[in-house]
Amino acid sequence: MLSPADSPAPEWLVAPDDVNDLATAVWPASAARDGDGVLTFAGIPATSLAQTYGTPLLVIDEDEVRDRARAFRTAFDRAAADNGTTAQVYYAGKAFLCTSVARWVVDEGLRIDVCTGGELEVALAAGVAPASLGFHGNNKSVAELERAVEVGIGTIIVDSAIEIERLAAIVARTGSTQRVLVRVISGVHAETHEFLATAHEDQKFGFPLAEAEEAVARIREIEGLDFAGLHCHIGSQIFGVAGFRESASRVLELHASLLEGGPVPLLNLGGGFGIAYTRVDDPTPIETLAAEIVSAVAEGCAARGIPMPALSFEPGRAIVGTAGVTLYEVGTTKDVELGAGVVRRYLSVDGGMSDNARPALYGAQFSARLASRAGIGAPQLSRVVGKHCESGDIVVEHEYLPDDVAPGDLLAVPSTGAYCASLASNYNHVPRPPIVAVRGGRSTVIVRGETIADILSRDAGIPSADAERP
């Protein structure tokens, strides 16, 4: 027998008493099993969705997105009011942005944060008011900045001295006035993957605290640039509030010193709030996040004898992450002997790292459940893998699934609403899957799935029909 230390399963993974159970934290609230054991979302069977749209398929629960957006707005509004200020919540579009999602979050009172010209155009195409947009990015091109100023974007978060000068030239040429925030690096090391931490000193985003005063002084010299305040983001997929509290304290030191040169009306503390991907993940409740972070800012301002600024926050994953579930069809199964009688079952599905790059990028963990029926087998240590030509093409690294899973079954992987569609690719020339919204027993395509014809259309070496005509 393998000892626990040698077991191929991580310590946190425990064989479930019921291989068909649904851990509440990782599924949208509407997820359930019907009388036949089929997973349903907003009352629609997974089998029906797969039959209609094919697999892989990303299913987004609209009510889940709306409910979480509204919960963030309500929690931060309440916390801000309790501490004598106001708060704005921006949806971080990089998590997943399409015109439908943009409209949902705006309907619920949120603004939207974009970080490329492409995301800006999606928000504009959705009819979002430019004044309610914020524009991030460490390398905004001159063309992107010109477009943002042209449409009247609400706020540009400047990330470098070069960007300040680019904006200076644009507003001088156009006679525009542009509101800006300065992104700073607080030096707080978030407890997350190295690639998700954005406030340590050795990385690409923002100004170190020691250089920020000079950046602000330069902005204040430029007619047409309106310095509105500071921005800081410490990372992503963060549980707890300790990192946010410490970051706020450090940024408030700079905020207080900047008040000597003029007003600093706004402090944006970013986002990065974590969600559950497995049953053992324990994300901090939205209400706790809001109350404790805003209180920390209020305490810091009181200690320094400065007025409370208006506040902004930028949740993305925490709004859309658990609203998404990806459906796959099992193609092959393979048992691999690990020694001492331990077997891991490999379940190959019809998608993979082209629709979910997160496990390959930074070892992200996910869960899975049999979706097309109730399993009747015993829990079997399993690994869900994709169809791509990479041994690292893993969708779910560790999971217990029923040992009767077979080719043709559907598997559902929850918490795929954030950074899966955003990071999707055509690796191995696999088309990106459709994205379907579900609500009240109805389903709607919100992003069309690609076809092989779409992929071939970009290959300039294929003669066109017109070129073949005499």
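### Brief notes about helix α5 (residues 142-151)
Two residues of an α-helix separated by three or four positions point the same way, owing to the 3.6 residues in each turn.
Line of reasoning, step 1. Burial in α5 covers these residues: Leu145, Ala148 and Val149. Burial along α5 is one-sided: seen end-on, the buried residues are contained in an arc of 95 degrees. In α5, those exposed residues whose orientation departs by more than 90 degrees from the buried face are Ala143 and Glu150.
Line of reasoning, step 2. Contact partners of the buried residues in α5: α4 (117-125), β7 (133-135), β8 (155-158), α6 (161-174) and β9 (178-185).
Line of reasoning, step 3. The first or second residue beyond α5 is glycine 152, which carries a positive phi of 85 degrees.

### Observations concerning unusual backbone geometry
Line of reasoning, step 1. The omega torsion of the bond from threonine 55 to proline 56 falls at -5 degrees, within 30 degrees of zero and hence cis.
Line of reasoning, step 2. Mapped onto the elements, proline 56 comes out in the loop between α1 (46-53) and β4 (57-61).
Line of reasoning, step 3. Positive phi is not limited to glycine here, since glutamine 237 has a value of about 55 degrees.
Line of reasoning, step 4. The topology assignment puts glutamine 237 in the loop between β11 (225-231) and α8 (242-258).
Line of reasoning, step 5. Accessibility expressed as a relative area gives 14% for glutamine 237, which makes it buried.

### Observations concerning the pattern of salt bridges
Line of reasoning, step 1. Using the criterion set out here, one finds 26 salt bridges in the structure.
Line of reasoning, step 2. In this structure, the salt-bridge partner of arginine 439 is glutamate 62, at a minimum N-O distance of 3.2 Å. Residue arginine 439 is located in strand β20 (residues 435-439), and its partner glutamate 62 is located in helix α2 (residues 62-82); the two are separated by 377 residues in the primary sequence.
Line of reasoning, step 3. Residue classification places arginine 439 among the partly exposed positions, given a relative accessible area of 38%.
Line of reasoning, step 4. On the basis of relative accessible area, glutamate 62 is assigned to the buried category, the value being 11%.
Line of reasoning, step 5. Residue glutamate 146 is joined to arginine 173 by a salt bridge in which the shortest nitrogen-to-oxygen separation is 2.4 Å. Highlighted residues: glutamate 146 in helix α5 and arginine 173 in helix α6, separated in sequence by 27 residues.
Line of reasoning, step 6. Under the relative-accessibility criterion, glutamate 146 is labelled partly exposed at 31%.
Line of reasoning, step 7. Given the relative accessible area of 53%, arginine 173 is considered exposed.

### Re a nonpolar patch on the surface
Line of reasoning, step 1. A surface patch of nonpolar side chains, amounting to about 260 Å² of accessible area, comprises Ile452, Leu456 and Ile462.
Line of reasoning, step 2. When you line up the elements, leucine 456 lands in helix α12 (residues 452-456).

### Re the layout of surface pockets
Line of reasoning, step 1. In this structure, the second largest pocket spans a volume of roughly 330 Å³.
Line of reasoning, step 2. For the second largest pocket, the lining is made up of 21 residues, of which Ala25, Arg68, Pro283, Ile286 and Thr322 are closest to its centre.
Line of reasoning, step 3. Broken down by secondary-structure element, the contributors of at least two residues to the lining of the second largest pocket are α2 and α9 (286-304).
Line of reasoning, step 4. Per element, the largest residue contribution to the lining of the second largest pocket is five residues, and it comes from α2.
Line of reasoning, step 5. Of the residues belonging to the lining of the second largest pocket, the class tally is 13 nonpolar, four polar and four charged.

### As for the pairing of β8
Line of reasoning, step 1. Going residue by residue along β8, you find Thr155 and Ile157 tucked away on one face and Ile156 and Val158 tucked away on the opposite face as well.
Line of reasoning, step 2. Looking at chain direction, β7 and β8 are connected through two bridges and run parallel. Its bridge partner lying in β8, glycine 134 is registered against threonine 155.
Line of reasoning, step 3. What joins β7 to β8 is α5, and the crossover it makes is right-handed.

Thresholds applied
Residues numbered from 1 in each chain as written. Predicted model: local features only at pLDDT ≥ 70, side-chain atom pairs only at ≥ 80, totals over all residues. Heavy atoms only, no water. Buried < 20%, exposed > 50% of the residue type's maximum accessible area, 1.4 Å probe, protein only. Helix = DSSP H or I, 4+ residues; strand = E, 2+ residues; numbered from the N terminus. Arc of directions from axis to C-beta. Contact = heavy atoms within 4.5 Å. Salt bridge = Lys/Arg side-chain N within 4 Å of Asp/Glu carboxyl O. Patch = residues over 30% accessible without salt bridge, like charges linked within 9 Å, V, L, I, M, F, W, Y side chains within 5 Å. Areas by Shrake-Rupley, 256 points an atom, 1.4 Å probe, with all protein chains shown as cover. 1 Å grid on protein atoms, 1.4 Å probe; cavity = no way out; pocket = protein on both sides within 12 Å on 5 of 7 lines; lining within 4 Å. Points joined across faces, edges and corners; volume = space filled by probe spheres on them. Nonpolar A, V, L, I, M, F, W, Y, C, P; charged D, E, K, R; others polar. Pairing = 2+ DSSP bridges. Right-handed = clockwise from strand over helix to strand, strands pointing away.

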